[in-house]
Structures are given as structure tokens and as C-alpha cells.
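A structural walkthrough
The lines below spell out each chain.
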Amino acid sequence: MAIVETRNIKKYFGDVPAVNGVDLSTEEGEFLVLLGPSGCGKTTLLRMIAGLEEPTSGEILIGGQVVNDLPPRARKIAMVFQSYALYPHMTVFKNIAFPLKAQSVPKETWQSKVEWAASMFGIEKLLHRKPRELSGGERQRVALARALVREPTVFLLDEPLSNLDAKLRTSAREELQQFQRRIGTTTIYVTHDQVEAMGLGDRIAVMNQGKVRQLGTPQEIYHEPADTFVAGFLGSPPMNLVEYDDTIVGFRPETFLPREVFGVQDDLVAFQFKVTRIEYLGADRLLYGFLGGKLADAHVISRLPSTVTASIQQGETYEFVVQAKDLKFFDKETGLRTGPRPL
Amino acid sequence: MPAVLRRLKRLGARGSHFGIVALFTVFAAFPFFWMVVTTFKRTPDLMNTKNNPFLFNQPPTLEHLRVLFFDTLYGRWLWNTAFVGVLVVAITLLLAVPAAYSLARLTGRGGEQLGIGIFLTYLVPPTILFIPLARVVSNLGLKDSLWSLILVYPSFTVPFCTWLLMGFFKAIPRDLEEAAMIDGYSRFGAFVKVVIPLSIAGILTVVIFSLTLVMQEFVYGMTFISFASQYTVSVGVPTFLVRGDVYFWGSLMAACFIASVPIAILYNFFVDRFIAGFTVGAVKG
Amino acid sequence: MTQKAMTTVETGTQVARAKTGRLTAILDSEIWLGRLMIAPAILYIVLLIGFPFLLALYYSLSDITIGSRTMSFVGLKQFKAVIQTPLFQQSLKNTLIFTFISQALVLVLGKVLALALLKNFRGKWLVRLLILLPWVAPISLGTIGWLWMLDSIYSVFNWILRAVGIFGPTTWPIWLGVPHLAMGSVIAVHVWRQLPLATVILLGGLSSIPHDLHDAAAVDGAGFWRHLFQITIPLVLPIMIVAVLFGMVFTFTDMIVIFVLTRGGPYDTTQVLASLAFFTGIMGGDLAEGAAISLFLFPVLVAAAFVFLRIARRAEVT
């Protein structure tokens, strides 16, 4: 097990910064997720940690050791690729044994090690098959077994679930998490899927334009976003962001509810909400519309759980409220979080 | 009535299709057929304009084959060709495989340009180079030696094979090499352990292609070598067996047929890949 | 971080360090490995193609002969002298006739054959194998087959022509001995030899046309000829250019068919630049003049390379 740390790491492709000064440190045995839209630099960051890309500047440490000059094979890491990168000319057994061969592990122990790794993912029966004879889910397990067999100090996973269909993805997510808890190896996981990130990560690093915008637990990221990007990236639909003087006010759609939902005692902030469109989604209703009054014409969304039965009509204006603690404030210039202020 | 007409028309179309294919096939294959027929005919039968040349007017004979293998240097030439072929293939692979990989993966954007540049040298024909090369070969003391051919022949195999292999290597997903590097191999180790085993088909293509080119080569062989015992098949047969006015047609035809057909059958399996190389993606798919 | 974890990693990296000598550092470096792997091929090409090519240029500007130990620079004298000889002019003319007629035939026949082979039929693999034979068999040997079939006395064609009554029992054409017949024979053999390559290239082009397009044309009511000229040919044009390009280059620089069949005769009526260069430079020993003659082949190659590059670039863009 080891801690991975990056110090002011940068990567330029020509003049274009892909990763632009990232300081990040995992904790021992942690499941850290790098989350961000495509092109945010998360995969480049992972590849630099793996040693597949050379940083333009900055340092990478694994277990306290600067590894910048070490080739990938000397970093004691394992990586699972988005495509799984199984060697098509080898059987599953040989695929899993491949790292052992490279490390000149004595041949007698291969069998037991491969079987151990295979048993972790329940693929003992597939050892004699070729990758092309496997389903997507089986391939993913083989890739994981191959990563596990060399007992790395760090796992690097690059969107390993994105090639699975939606149903399989949910169960694979669960297995992956259980597996990581069991072996307790530090894991860095790259994804653009916020549901995966929230479900898997001990902590999430939200990245955009080559920088880490926020590092925190899923709860912190969701409820206390550090800036407007994080606020707008997470949640579906994302946080409502409304300009007010030199501030931006943010509140989640599910905290933006009709007045009658709350009692009198709550510390409430009230808005006039003109509903222009209603989407019925079964468990929820999404209301699209505009605010009135001081925040005139700001476009916002409300998400009503099906437990809220208030009758809402398209084209009508209602009094909606947000609890004061659910209002987040951001600086208009920098987009960074600021302290609360009265509206 | 129209149904019958349509049927006739369809029959006619099928008939003309068959006719075209048959005509071309005969055009292409007739000389080889004729080689076989001539090989087994007795000389007096061949040399009689009154005889129907399609019939065996006298019983068939193996005499021409006996003459070819025991009274001429043909066996020696076959051996020479094989010797040169094997070594040229080895040199070609040694030069072209790493070069193609380098162009496909390691040299970045410039690789593509350089690759096209290398391919274009394939268009520089022996007929421009043979005069200076004759001088170079004799200065190196390789005149009349098979080694002169082994030295020079890769000049037409390497450019095209590099180009072909570059295409093969590019088609291998990069992830596989990166996975191998993470699994414990060096950049070069990944190439040896993953890329090469995955390119066996491509490498085999290059082997066959180089062998055919070596068998075909004529100009250099004739320029550099003047001892009959050092000829390759494609030079020895037309220059040495066709000497003076006496032609041993039976033996000649046998010589041509034996050296032509086996390699042609091998080549047939790989032809689509060569075409892909020739057409440089002028056609997609 | 725990102390234990750190030490494990440290030992791991130390092992790796120990293994990472200078050689393995190169084996891991993309840039150096790239240079190292391409260097032998480049070196070889420079030494055995680039250098001889420059040497050919140099020879053509000198008065070198095969026996001479010294040579002096004579500038463009060789070229001027060569151009003025009737033999060169004849050969140039022959080369152009030989190339253009044979390529035109190859293109038309190749197209017809490719269209015929586009359909599936029983025994297609065998037909393809037989049609490829002339291209794959060593050309010097295939041509000997023709030499026999075009023999002045025992030609099988003559027998057939006599048998069907076109010629009397005592008259027959001497295929390789009469100027026009000789050129015709040489062209025919060359077409025979090049047809397979052109056909297979064109076939590749034809079969890559999406089937939808043919269907759409059929629905639109295009007949065979309109279909051919408005759909098929425009779509395979790039690949036709490639086929013609290779054909041109191979034909323009080829001397094997001519060397085996006629040695340039009769009366140099089938002499082409490549064979003339051979006879002058190697047989005649005049390296300088031979080099000058062969360099006249070069402009064509430059033109071919230019076209090729344009196609390659366009293929990249799309």
C-alpha cells in the first residue's frame, strides 16, 4: 500500500496545457476518484502517475519516492484501461500471468497466483479462453485480475466501467468497491460519470481545465461545492446558479420547494417562481421556470419528490422557498465560494 | 413471352460473364499450361510443324526434366535463389520491422512524412541504379558473388516492406503496449512481447513479398554476375539456357514452370494485403 | 503514511533502479528508441539508394567507362550527345509507345476483368489464382514461355492460324522478327504481365464502394453504361490513378520483357530507354552514357511521386 502524491504537476501538449499544476495526495488505502468532463486532464494525470506520459514539470511521488524518472514497470503500479487492453493472442491464463513473467517470478508459483487472482473475480473457469471469446463483463474481470496478480501498491483505473452496458455497470460498481475494500490497496479511479464517482469514491477530486477544483468526500463535493464549476457539474439537474449583484447564489433543485412544504419555524428565503414547463419523471417532477422580484428572469429548476403533492400548473407563479442553510454563495469574478450574506 | 425473353436475356448475361472470365483466365494461364505440355513432349514432336501441338503425337517423356536437373546448373540456381532469398528476407525483416514500428509509434508526426519518403524510394527503379551499383559492387570485391545480390536486393524490399508493416503496427491498439509496460516490460520489451506476436500475419506477408521480389529480380542479377554457377533462377534460365540457336525448349519450359508456380500459389494467400499497401488508403475500408 | 508501506516501495524502486542501466534507459525512452530503430533502415537506404543515385547523376556528367580508373567532369555533354543520337530518339519514342499503349490496354482490360470478378461465382478462387499467375511468376521466366509460343517456326499461334485457314501451309508471321509485330508482341506480353496487378487493385476499389450506392443508382433507374460512368468510375478514380501510376512506373523502367523477347530488335524497333541503358552501360562498358540514358527515366518517376503524394495527402484528410 502506498500514498500517491503529485506536486505542482503540469503537462503541456505543445502550448496547450492538459494538466496545469495539480497538487494531490491520496491517503493510505484510499479510493480516490478523478472526476471531470472529457478533456479536463484527468486521464493525462492518471497516465503521468502510471509513467505513460512524462510531466512537463512537477513531481510525482509514490510511497514517498519521487518516481518521475522511473519507467512504468518500476513504479509498482497496476492499471486497468478503458479498453481493458487484454492481449488478444494470449489465453486468459497467460494474460494474467504476463506480469509475473515480466517480473521473473518463478514459474512454479504462477499457477497458484493466477488462480488466486482469478478467484477474486470468479473467473477461474475462463482461464483457457481467449479474450475474444469473453463478454464485456468477463473481460473487465480479467483485466482486474491481471492488475491484481502482481500485488501492486497502487491501482490505476481508467474508466473501467464505461464499456459495459448500464445494467452490468451497477453490479460491476458494487463488486469493484467490495474488492477494493477487501484488499485495501490505494486506488485512483478516473471517470466522467458522477454517479460512479459518488458511489465509489472515498474522496473525489473534481477536475476542470487541467486543475483540481475541489477535493473532498462525496458529501462535501455535493453539498459544499468549492466553486461554481463543481456546483454546476455535479447533480442532475445541477445546482441553480443565480447572479445577484457581485455574487452568485446557488441552491440545489431539490431544496427549492413550494412554501407549504415547510412549517413556520424554519429559516426560509422566499422567491417568486414562474413555472414554464413541467417534466414528470415518476419519482420526481422537474419544474422549469423563472424567478421574479430581485432576481428577475433567472432561469432555475426545482425538483419535487413524488411525496410533494402540491398542485403546480404550467404558466402560473408560485411562492417557492429555500432554507437559508441550503443557499451557497460564490464570488462573481472568481467563481469561488464566499461566506453567506443576506439576500 | 416477355418472361421467356427476360430469361433469355439473363442467360445471355450469364453467358457473356462466363465468356469474359474464361477468356481472361485462358489469356493469363495459357503460357503456364503450355509450359507443362512442352515439358513432357519429346523434342521431335515439338519440332514438327505438321503435328498438332495440343496432342502428344509421341508418348510423353521425362527426358527434359532429367536434362534440366542433371545436365544443367538449374538445381544450383534454385539453391542460389533460395540462399539469397532467405538472407534477403532476414535482412529485410531486421531493417524493416524496427523501422516500421519506429515510424508507426515512436517518431510522432514526422513519422508519417518520413514513411512516405521511404516508400517513394521504392519507385526508384533498378534501371537507374544498376550502373553505379555495378561499380560499387566491383569496388567492394563482390562481383560475381551471390553476396552482391544479398547486399543490394534489400534496396527494393525494405522500402515497401517498411510501408506495409507500418500499416500493420498502426492497427494495433496502443493500450496493449502501454499495458505491457505497466505489467513490467520496457518500451522495447512491449514491442517484442506484444506487438511482434500480434503482427505475425503482417510479418509473414512481408516474408512472402520479399521472396517473390527476389525471385523476380533480373537486372541486378544479370549486371553483377557473369559466372553461370552463381546465377539465380530468373537470370540463369533466360541467359544461360537460351544461348546460341539451339533451344532446349522442353527443359526450358520445365525450368520456367517449376520456378513460377509454387511461389505464385503462396503469394495468392497474401495478395489482398499487398494491394492494401499499394493503395495507401486511396480507398477507405 | 505507515513506515512499513514506505519501505516496501523503496525496496521495489531500488531493484528497479539497479536494473535501469544506460541500455535499459534507452529501451524505455521513446525518442531514443525511435531513432535507434529507424537508423539502420535509413542508413541502408541512403547508402544503397541515395548514394548510387547521386553516383548515377555524377557519372552522367562525366566520361567514365567500365575500365577507366580516372574520369573527368564533362558537364552536360553526355546528355547533349545522347539526345542527338537517332538510337536514343528511337528508344524514347519506343518507350512512350510501349508505355502508353500497354497501360491503356491494361486499364481497359483490367476494368472489364475487375467488373467481371466482382460477382461471386463458383471456382472464383481458382480463377483469381490463375489470373494472378503472370504477375507473381518471375517475369523473365514467364516471358520465356512467350518466347516459345512466339517462336519463328514452332509457334502454337501459327499452328492455330494455319489450322483455321488464315495462313497457308508455307506462310506465317514471324512474330518477333518484323518491326510492328515485334512491338505488338512485346506490348501483348507486357499487358499479360501487368493485367493482374491492375485488376486486383481495381477490384479492391470496386468492392469498397458501399452497396447502398449501387442500390440507389438502380432505384434511380440508371442503366449499365450510365451507372458505370457516373457512379462506378468516379468513385474508383483515386484507385485507378494509383493503378495507372504503378503501371506507368513499372512499364517505363522495365527492360526484362524486351530483353528476353527481342533484345531490342529487330533493328532497334523495340529498344526502350531501360534496355538501351543496359546495353550501353553494361554490355558496351560506357558507364557515363548509360547513366545519362537511364536518368531520362527520372522525370517520370518524379511526376509519379508527386501524384502519389497528392493522393496520400488527400487520403489523410478524409
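Thresholds applied
Residues numbered from 1 in each chain as written. Chains lettered and ligands numbered in written order. Predicted model: local features only at pLDDT ≥ 70, side-chain atom pairs only at ≥ 80, totals over all residues. Helix = DSSP H or I, 4+ residues; strand = E, 2+ residues; numbered from the N terminus. Rg over C-alpha atoms; globule rule 2.2 N^0.38 Å. Buried ≥ 20, exposed ≤ 12 C-beta atoms within 10 Å, placed from the backbone. Contact = placed C-beta atoms within 7 Å. Core = buried A, V, L, I, M, F, W, Y, C linked by C-beta atoms within 7 Å. Pairing = 2+ DSSP bridges. Axes fitted to C-alpha atoms, helices over the stretch in contact; angles between N-to-C directions. Parallel < 35°, antiparallel > 145°, perpendicular 65-115°, else oblique. Left-handed = near helix turned anticlockwise from the far one by under 90°. Nonpolar A, V, L, I, M, F, W, Y, C, P; charged D, E, K, R; others polar. pLDDT = per-residue confidence, 0-100.

**Quick word on the overall build of chain B**
For chain B, the count of helices and strands is 15 helices and zero strands. The C-alpha radius of gyration of chain B comes to 24 Å, more than 25% above the 19 Å expected for a compact globule of 285 residues. C-alpha atoms of chain B, sized along the principal axes, occupy 75 × 75 × 35 Å. Within chain B, buried positions represent 52% of all 285 residues. If you take every contact in chain B between residues at least 6 apart in sequence, the share linking residues at least 24 apart comes to 73%.

**Overview of the overall build of chain C**
Looking only at helices and strands, one finds 15 helices and zero strands in chain C. Here chain C holds 318 residues, and 43% of them are scored as buried. A separation of at least 24 residues holds for 71% of the contacts in chain C among residues at least 6 apart in sequence.

**A few points about the interface of chain B and chain C**
Counting from both sides, the interface comprises 83 residues of chain B and, opposite them, 80 residues of chain C. When residues of the side of chain B that touches chain C are assigned to their parent elements, the largest contribution, 13 residues, is made by helix H1 (residues 2-39) of chain B.

**What about the nonpolar core?**
In terms of nonpolar packing, the biggest core is built from 266 residues, with Ala145 and Leu156 of chain A together with Ala96, Ala100, Leu165 and Cys256 of chain B touching the most fellow members. Cys256 of chain B has contacts with Met35 and Val237 of chain B together with Leu141, Ile144 and Gly145 of chain C, leaving out every residue within four places of it along the chain.

**Digging into the sheet that holds strand E4 (residues 57-62) of chain A**
All names here are of chain A. Taken in spatial order, the four strands of this open sheet run E2-E1-E4-E5, and their pairing is antiparallel. Either end of the sheet is taken by a strand with one partner, and the two such strands are strand E2 (16-25) and strand E5 (65-66). In this structure, strand E1 (residues 4-13) lies alongside E2, joined through seven bridges in antiparallel fashion. In the sheet register, Glu5 faces E2, and the bridge partner there is Ser25. Strand contacts of helix H1 (residues 42-50): E1, E2 and E4, with the helix running at about 65° to E2, the strand carrying the most contacts.

**Quick look at the packing of helix H4 (residues 74-106) of chain B against helix H11 (residues 200-216) of chain B**
Residues and elements named next belong to chain B. Where H4 contacts H11, the axes come no closer than 9 Å and their chain directions differ by 135°. Accordingly, the angle class assigned to the pair H4 and H11 is oblique. Remark: the crossing between H4 and H11 carries right-handed chirality. Of the residues in H11, those touching H4 at Thr81, Val84, Gly85, Val88, Val89, Thr92, Leu93, Ala96 and Val97 are Ile203, Val206, Val207, Ser210, Leu211, Val214 and Met215. When the residues that make up the contact of H4 with H11 are grouped by side-chain class, the tally is twelve nonpolar, four polar and no charged.

**Thoughts on the confidence of the model for chain B**
Fine structural detail should not be taken from predicted coordinates in areas where pLDDT scores are low. Residues and elements named next belong to chain B. The predicted model of chain B has a mean per-residue pLDDT of 85, with 93% of residues at 70 or higher. Per-residue pLDDT, averaged within each element of chain B, yields its smallest value for helix H15 (residues 271-278) (69) and its largest for helix H7 (residues 146-152) (94). Of the regions scoring below 50 in pLDDT, residues 281-285 engages in 13 contacts with residues more than four places distant in sequence or in other chains.

**Remarks on the packing of helix H9 (residues 174-182) of chain B against helix H10 (residues 187-198) of chain B**
Residues and elements named next belong to chain B. H10 packs onto H9 with a crossing angle of 120° between their chain directions and a minimal axis gap of 9 Å. Taken together, H9 and H10 sit at an angle that is classed as oblique. In the packing of H9 onto H10, the handedness of the crossing is right-handed. Taking contact as the criterion, the partners of Leu176, Glu177, Ala180 and Met181 in H9 are, on H10, Arg187, Gly189, Ala190, Lys193, Val194 and Val195. Each residue belonging to the contact of H9 with H10 can be placed in one class, and the counts come to six nonpolar, one polar and three charged.

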